[in-house]
Amino acid sequence: MLPINVKNETARLRAVVLGSALHNGPTPTAEEAYDPKSLEHILAGTYPIEQDMIQEMDAFKQVLEKYDVEVYRPEMIENYNQIFTRDIGFVIENTFIKSNILPDRERELDAIQYIIDQIKPETVVRPPEEVHIEGGDVMLWDDYIFIGTYKGSDYKDYITARTNLLGVQYITELFPHKKVKAFDLVKSKIEARDNALHLDCCFQPLGNNKGIIYKNGFREEADYMFLVDLFGKENLFHLTREEMYHMNSNVFSIDTHVVVSERNFTRLNNWLRENGFTVEEISYAEIAKQEGLLRCSTLPLIRE
């Protein structure tokens, strides 16, 4: 059996599901766009092509394997986007939680069923249908579980609102020994620069006590201040609106001192190195056009 175990975002990674861009399908229509950034590139004629995305994901796989990480991939489905595995499931401690994702994406879960079959069945759960939760909104930090949500009364009108308050409640009840903290995120259907699609679009912890944050991604300043107080302002890298748009917070930790980052994130990558991190730079700018980056395309299974 696969001994799944994840307790935070930065402990040494041993096994991960990396998404796939193989047979990704044609460019979606504007009506099929799930987020404002994809829509922007569909309308501009700059939506990423399959071959470029395959190359970017292959480079990511090579970095993971360089650090002896076991890399699983989804089974291939013809003409289907399978890049963002973070959305479809996540591991908390030794429990695998299947996400209730957008109905159009249900087959993505089927494509990793062969991996789920290697996990003890009693540790695999799926929330009730009314519970919405996606892995990009769920962030583990030792005693804490941070969860991005949207508390607006117009939740149902936002395709960019992915985790509801019932999702927060579900995780709270499933892990009563954890401190669950919900963050109310800014959402937009039309402007990607003002849309925190998931929590990892505006915050991510790094190392043992550092993090990346975008203040205006939070609807309530109190939520932002909670993280400032917890981590210390001097330990947080503050993003600009444009850096948030380019997904600078969506890097990926292989270990407490090793971070995979996009090579164009110059200011962030310099800060990381100044703070003692090894930065593995790769090109991922094409995949970023779909409002997802490195963390979004990974589903960690085992961290030490």
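Residues numbered from 1 in each chain as written. Predicted model: local features only at pLDDT ≥ 70, side-chain atom pairs only at ≥ 80, totals over all residues. Heavy atoms only, no water.

> Looking at this structure, I do not really get helix α1 (residues 36–44). What am I missing?
The complete set of buried residues in α1 reads P36, K37, S38, H41 and I42. Summarising the contacts, the buried residues of α1 are in contact with α7 (241–245). Where α1 ends, the next residue or the one after it, G45, has phi of about 75°, a positive value. (Buried < 20%, exposed > 50% of the residue type's maximum accessible area, 1.4 Å probe, protein only. Helix = DSSP H or I, 4+ residues; strand = E, 2+ residues; numbered from the N terminus. Contact = heavy atoms within 4.5 Å.)

> I would appreciate a short explanation of the sheet that holds strand β7 (residues 144–149) in the present structure.
Spatially, 3 strands are ordered β6-β7-β8 in an open sheet, and the strand pairing comes out mixed. The open sheet is flanked by β6 (138–141) and β8 (179–184), the only strands paired with a single partner. The sheet shows a mean angle of 20° between the axes of neighbouring strands, direction not considered. In terms of strand pairing, β7 meets β8 through 6 bridges, oriented parallel. (Pairing = 2+ DSSP bridges. Axes fitted to C-alpha atoms, helices over the stretch in contact; angles between N-to-C directions.)

> Please explain the pattern of salt bridges as it appears in this structure.
Once the charged atoms of two side chains with opposite charge are near each other, the side chains can pair. Taken as a whole and assessed by the stated rule, the structure comprises 15 salt bridges. With a closest N to O distance of 3.0 Å, R295 and E9 form a salt bridge. Separated by 286 residues along the polypeptide, R295 in the loop between β14 (278–282) and β15 (298–303) and E9 in the segment before β1 (13–18) bring together distant segments of the chain. The same class applies to R295 and to E9, which are both buried. A salt bridge links R267 to E243; the shortest N-O distance between them is 2.8 Å. Taken together, the residues R267 in helix α8 (residues 266–274) and E243 in helix α7 connect sequence positions 24 residues apart. For E243, a relative accessible area of 14% gives the class buried. (Salt bridge = Lys/Arg side-chain N within 4 Å of Asp/Glu carboxyl O.)

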